Amino acid sequence: MPVLNKHYRRYDFESDLEKALNRVDFFRIFHTLALRYGFEHFGILQLANEHETSHLAGRLVLHDLPAGLAEAYDKRHRLNDSAIFKSFYKSTIPTVWLGDDPAENGAAGSSDFLEQIGFDMALAIPVHSIAGTRYVVLFLGDGEDIGRNAHYEICYEANCAFDYFYRKVLANKAGMGLTPRETEILRWISYGKTASEIALIVSVSEHTVNSHTATILKKLDVVNRTQMVAKAIREQIIQ
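Bear in mind that the values here come from a model prediction, so they are computed numbers and not experimental data. All chains use their own residue numbering, which begins from 1 and follows the written sequence. The model is predicted, so local features are restricted to residues of pLDDT at least 70 and side-chain atom pairs to those at 80 or more, both for listing and for counting; the totals for chains, interfaces and linings are taken over all residues. Side-chain measures here rest on the full set of heavy atoms in the structure, leaving out hydrogens and waters.

In the sections that follow, a salt bridge refers to a side-chain nitrogen of Lys or Arg positioned within 4 Å of a carboxyl oxygen of Asp or Glu. Scanning the model with the defined rule gives 8 salt bridges in all. Arg 10 is the salt-bridge partner of Glu 18, the closest N and O atoms lying 3.0 Å from each other. Burial status follows relative accessibility: with a 1.4 Å probe on protein chains alone, a residue under 20% of its type maximum counts as buried, one over 50% as exposed, and anything between as partly exposed. Under the relative-accessibility criterion, Glu 18 is labelled partly exposed at 32%. Exposure remark for Arg 10: the relative accessible area of 5% places this residue in the buried category. Put simply, Asp 163 and Arg 167 hold a salt bridge, and the shortest N to O gap is 2.8 Å. Taken together, the positions of Asp 163 and Arg 167, both in helix 7 (residues 148-173) and 4 residues apart, correspond to about one turn of that helix. Exposure remark for Asp 163: the relative accessible area of 25% places this residue in the partly exposed category. The class of Arg 167 is buried, set by a relative accessible area of 10%. Linked by salt bridges that have partners in common, Arg 10, Glu 14 and Glu 18 make up one network. Strands here are runs of E lasting at least two residues and helices are runs of H or I lasting at least four, both read from the DSSP assignment and numbered beginning at the N terminus.

In structure tokens form, the structure reads like this:
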């Protein structure tokens with residue numbers, strides 16, 4: 001990974017970022033960021049097409065949310081319906097959400113995300129990778145509104161931390177050992193195509209498609225097609 005020179009201002013954050021090597025290191029960095037600015041948890045979401053159904057659990061690429069919280073949310077609610085999700089496609093300006101915010105309580109189309117997820121405040125910071133893929137760094141907690149200077153600082157530091165996380169972790173995992181043919185079949189599976197339909201599209205037998213699918217499941221360390229597609233999107237193998 002290219003070394004960044006002094007023109008890339010990281011201030012007191014530089015040492016931690018340069019030493020970070022893996023998901024555990026960046027988990028610690030983002031968790032520490034959350035606590036430093038009065039939040040309790042963080043989550044990094046990868047965004048897709050605005051009109052594509054998005055599940056919270058499937059979009060999270062790194063987080064410290066309580067075990068099972070995202071899955072429980074997905075069983076009862078639609079992330080696409082929430083005002084906070086819709087805001088990601090209106091502007092790239094960071095947004096602050098409070099539990100008594102009318103945009104979250106009673107606005108048309110709002111699904112009261114904070115109440116449903118169980119927190120009083122959220123800070124959403126849109127970021128993007130050097131490849132152009134869009135993400136959001138989300139901080140959640142039960143504190144009061146964030147001050148102006150703290151808002152500036154956490155937004156800048158979250159951008160720096162995400163840049164390192166993407167270049168050191170996410171970008172290095174792209175592909176996960178899949179062959180071009182396996183990636184192609186995986187993409188068709190993500191479009192909802194059956195094995196027989198994919199066989200016709202790529203001009204191979206249905207048995208070959210099933211064989212490739214079994215290999216993909218093993219390489220991605222998942223047990224079914226739904227998990228396979230969710231992980232492939234999360235790891236940026238497909239968009």
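To continue, consider the layout of surface pockets. Computed over the protein atoms alone on a 1 Å grid, cavities are sets of points where a 1.4 Å probe fits but cannot get out and pockets are open sets with protein on both sides within 12 Å along at least five of seven lines; a residue lines them when it has an atom within 4 Å of a point. Grid points are joined across faces, edges and corners, and a volume is the space filled by probe spheres set on the points. In this structure, the largest pocket encloses a volume near 520 Å³. Every residue lining the largest pocket is counted, 25 residues in all, and those nearest its centre are His 55, Ala 57, Gly 58, Arg 59 and Ala 230. When contributions to the lining of the largest pocket are tallied by element, the ones reaching two or more residues are helix 3 (56-59), strand 2 (60-63), helix 4 (69-76) and helix 11 (225-234). Ranked by residue count, the leading element in the lining of the largest pocket is helix 11, at 6 residues. Taken together, the residues of the lining of the largest pocket break down into 12 nonpolar, 8 polar and 5 charged. Marked domain ranges trace back to an automatic or database domain assignment. A domain-level breakdown of the lining of the largest pocket finds at least three residues from each of domain 1 (11-170) and domain 2 (180-234). The computed volume of the second largest pocket comes to approximately 160 Å³. The wall of the second largest pocket is formed by Leu 4, Tyr 8, Arg 9, Arg 10, Ile 130, Tyr 156, Cys 160, Asp 163, Tyr 164 and Arg 167. Residue type decides the class: Asp, Glu, Lys and Arg count as charged, Ala, Val, Leu, Ile, Met, Phe, Trp, Tyr, Cys and Pro as nonpolar, and the leftover types, Gly among them, as polar.

Another point: empty space enclosed by the protein. Which parts of space are left empty comes out when a probe the size of a water molecule is rolled across the atoms. Counted according to the given criterion, the structure contains 1 cavity of 30 Å³ or more. What the largest cavity holds in volume is close to 40 Å³. The wall of the largest cavity is formed by Leu 45, Leu 56, Leu 79, Ser 82, Ile 84, Phe 85, Phe 88, Phe 113 and Leu 138. The residue inventory of the lining of the largest cavity, partitioned by class, reads 8 nonpolar, 1 polar and no charged.

Aromatic rings from Phe, Tyr and Trp, with only the six-membered ring used for Trp, were paired whenever their centres fell within 6.5 Å, and each pair was classed as stacked if the ring planes differed by under 30 degrees, edge-to-face if by over 60, and tilted otherwise. In this structure the tally under the stated criterion is 13 aromatic pairs. Taking the centre distance of 4.8 Å and the plane angle of 50° together, the rings of Tyr 135 and Phe 162 count as tilted. Placement of the pair is Tyr 135 in strand 5 (residues 134-141) and Phe 162 in helix 7, with a sequence separation of 27 residues. Each member of the pair, Tyr 135 as well as Phe 162, carries the same accessibility label: buried. With a centroid separation of 6.4 Å and 35° between ring planes, the pair formed by Phe 162 and Tyr 166 is classed as tilted. With Phe 162 and Tyr 166 both in helix 7 and 4 residues apart, this pair spans about one turn of that helix. Under the relative-accessibility criterion, Phe 162 is labelled buried at 1%. On the accessibility criterion, Tyr 166 (8% relative accessible area) is buried. Aromatic ring contacts, followed pair by pair, group Phe 26, Phe 27, Phe 30, Phe 42 and Phe 165 into a single cluster. Lysine and arginine charges are scored as sitting over a ring when NZ or CZ, respectively, is within 6 Å of the ring centre and within 35 degrees of the ring normal. Note that Arg 134 overlies the ring of Tyr 89, its terminal NZ or CZ placed 5.6 Å from the centroid.

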